[in-house]
Amino acid sequence: MGVRGLHGFVASSCPHVCTVVNFKELAERHRSQHPGGTPTIVVDAMCCLRYWYTPESWVCGGQWREYYSSLREFVRTFTAVGIKLIFFFDGMVEQSKRDEWVKRRLKNNREIAKIFHYIKSRREQPGRNMFFIPSGLALFTRFALKALGQETLCSLQEADYEVASYGFQNNCLGILGEDTDYLIYDTCPYFSISELSLDSLDTVMLCREKLCQSLGLRLADLPLLACLLGNDVIPEGMFESFRYKCLTSYASVRESCDRKGNVILAVADHISKVLRLHQGEKKLEEMLPLGPNKALFYKGVASYLLPGQKSPWFIQKPEDVVTLDKQVLSMSSDPESKQEFPMCMDSESKQKLSVGTDPEFNLEAPMCTNTEVKQEDPVNVGPEAKHQVTVVLDPEILKVARAQHVQAESYLVYSVMSSGEVECSNSLEDATDQALPSQAFVYRPVRQRVYSLLLGGGGGGSSTGPAVKEWFVYSGNPLRQPDLVRPLQMNIPGGTPSLRQLWLSQEPGIQAQRLDTLLACFDLSSSREELQAVERPFQALCCLLVYLFVQVDTLCLEDLHAFIAQALCLQGKPTMELADLQLDHIDPRAVQLATLLVRGLTTLVLVNGACGSPWEMADFMPWHLFDGKLFHQKYLQSEKGYTAEVLVEQNRSHVTRFHTLKSVVCKACGKESRPIVSRRHWRPHHAGSRQYEPDQWRRY
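The rules behind these values
Residues numbered from 1 in each chain as written. Predicted model: local features only at pLDDT ≥ 70, side-chain atom pairs only at ≥ 80, totals over all residues. Heavy atoms only, no water. Axes fitted to C-alpha atoms, helices over the stretch in contact; angles between N-to-C directions. Helix = DSSP H or I, 4+ residues; strand = E, 2+ residues; numbered from the N terminus. Parallel < 35°, antiparallel > 145°, perpendicular 65-115°, else oblique. Left-handed = near helix turned anticlockwise from the far one by under 90°. Contact = heavy atoms within 4.5 Å. Nonpolar A, V, L, I, M, F, W, Y, C, P; charged D, E, K, R; others polar. Salt bridge = Lys/Arg side-chain N within 4 Å of Asp/Glu carboxyl O. Buried < 20%, exposed > 50% of the residue type's maximum accessible area, 1.4 Å probe, protein only.

Colleague: How do you make sense of the packing of helix 18 (residues 444-455) against helix 25 (residues 588-610) when you look at a structure like this?
Modeller: Geometry of a packed helix pair, given as the angle between the helix axes and the separation of the axes. At their nearest, the axes of helix 18 and helix 25 sit 10 Å apart, and the two run at 20° to each other. By the angle between their directions, the pair helix 18 and helix 25 is classed as roughly parallel. Helix-helix and strand crossings are classified by hand; for helix 18 and helix 25 the assignment is left-handed. Counted together, Val446, Arg447, Val450, Leu453 and Leu454 of helix 18 and Thr603, Leu606, Val607 and Ala610 of helix 25 form the full contact between these two elements. When the residues that make up the contact of helix 18 with helix 25 are grouped by side-chain class, the tally is 7 nonpolar, 1 polar and 1 charged.

Colleague: Please explain the environment of glycine 61 as it appears in this structure.
Modeller: For glycine 61, the location among the structural elements is in the loop between helix 3 (45-52) and helix 4 (64-80). Sequence separation of glycine 61 and threonine 595 is 534 residues, and the distance between their C-alpha atoms is 5.8 Å. When near neighbours in sequence (up to four residues on either side) are disregarded, glycine 61 contacts Pro134, Ala594, Val598, Phe626 and Gly628.

Colleague: What am I meant to see in the pattern of salt bridges here?
Modeller: A side chain with one charge may pair with a side chain of the opposite charge, provided their charged atoms come close. Per the stated rule, a full pass over the model turns up 32 salt bridges. The partner of glutamate 151 in a salt bridge is lysine 84, with the nearest N and O atoms 3.5 Å apart. Here the residue glutamate 151 occupies a position in strand 4 (residues 151-154), and lysine 84 occupies one in strand 3 (residues 84-89), the gap between them amounting to 67 residues. Residue classification places glutamate 151 among the partly exposed residues on the basis of a relative accessible area of 33%. In this structure lysine 84 comes out as partly exposed when scored by relative accessible area, which is 37%.

Colleague: Just to check I follow, could you spell out unusual backbone geometry for this structure?
Modeller: Most peptide bonds are trans, and most residues other than glycine sit at a negative phi. For the bond from arginine 536 to proline 537, the omega torsion is 0°, close enough to zero to count as cis. With respect to the helices, strands and loops of the structure, proline 537 is situated in the loop between helix 21 (528-532) and helix 22 (538-551). Within the chain, leucine 479 stands out as a residue other than glycine whose phi angle is a positive 60°. Judged by its relative accessible area of 3%, leucine 479 is buried. Although it is not a glycine, serine 613 adopts a positive phi angle of roughly 60°. For serine 613, a relative accessible area of 36% gives the class partly exposed.

If you want it as structure tokens, here you go:
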């Protein structure tokens, strides 16, 4: 993340850039300098997930109770010294950063393959050096923090820009994260999450002024340096030959620095001694070998300019503007004050951020607010992709979707409605196990029905509505282009209600309509009565289990027993007891089953939000329904043929509930002609299990 090579350079060659500070002392100083003000830290939550996830077990699907306790302790520690925290999460992947996103996902695939190889060969979890965050961690962290009373926001572009803007505009104490881009932005101080000691509240502050002194640069030069070195917008290889020329002509090569460090010094030296001679007189493309990449380069530099800031490297002309992708850089970071809608608005509302670029490099993507929006799919994936569709969206509904997105109250809904493009990162899935399909395929029919609901699908069995671009990671997907996924028609008794009804209506009976719509997304309308009879929070779990077992015919009765038993035993179990739980060994199939369930819970968040929240979000938060190690224990016990009484730890009330929940799931699956049988009954004639080929799942 951030600027290539800068983190290592600062650590090895400029240690004085890093200063140990104490948050309690900084907060006291801030209060004395700003009487009546509250010291506020803006947290880049995506950078902090690895730090926050302290439980020892991570391959089994997540120790969610332990994780929730870890977050609570984090919040409590800062609150105790009077520091307010504001958390930002990534809400969108900008088009200019898609290549970098793909590159990281493919790298993660290789890491996951090594994890499964280790599990199969050693039957245990790898060490922390191979740590991979549990599926759904970012999404559920949002809801955990909100449950803990914290202000939690989801970005409308890459979170680092909004974090830096918020800190800059609100006189914040600083930014807490782990991204060298925060050394480039001219904003409030930047603190390292990886160096934070929660016990003492000591951490390291990285000072951009000291970095400039070391490099002989000014603060306004740092965006130029970042782009010449390579970052998430500018590929590292784009200026490789330029950097080599800088290095060969650099006279002050340090023996104490490695090659990357000397390259940074050489490029900084070129900026200060060569380029600055013509600053304000020549355009950047006259001084640098930008070639066909000049628009991208200008965009990269402009991406570091916060509201009201200008770059001396752009020849100033008051009429010149630049906007990034389809997301306008608003002059305010207050979510309520941003008036832009990426997909629709009136041409009179066009907003532009003046950064004084040459008109030739105006990257403006005009935005309109009329309700009829035409989308053109530029991805060349055959004739189907070359369609142009019209989406008619209600501006009031889009405004509601946007507000819920910004307040981190929904998942993917606004992305579908505003850009028709969504993504899902890596999951702990075994690419060599063809008996279990990827979660991307298992839940795709649900997403397709949600797309129909949000975008207004056509009639018949297959919708002719606009395709949604899905960047979902699964085995065999090179991610060179998105999958074009068509909406799928829903069958709801009485017809599909409008979003205005589902989201805004207060009429009697609307809650029942919302539930009907949710069940229709899972194609489980016929099981409404059975599911409604189930007590909270197991209603949502049963819905998910019925859907899973209907979709995946290699799941067996032992799997169902394990899922139900762990959910029941989790209720009332102390967090420390869960933490102390020891497993005989790790089973790779159980790891993948846990992934399927947790990704199902994230899908429930999407569906529930799209349907107007017929269920409370708390009902499918994993700390109420799932614990990775506990599930793994029940899976291993169930595989050995343990009875229901033993699985639920001889708890009589749990035994009764166990049989009730099992009966509900089996009856609902029976309606779909899907009997759930013991593995012992079908093993001989399921040799090798069902083979799932990606292509058979891709075409709906």
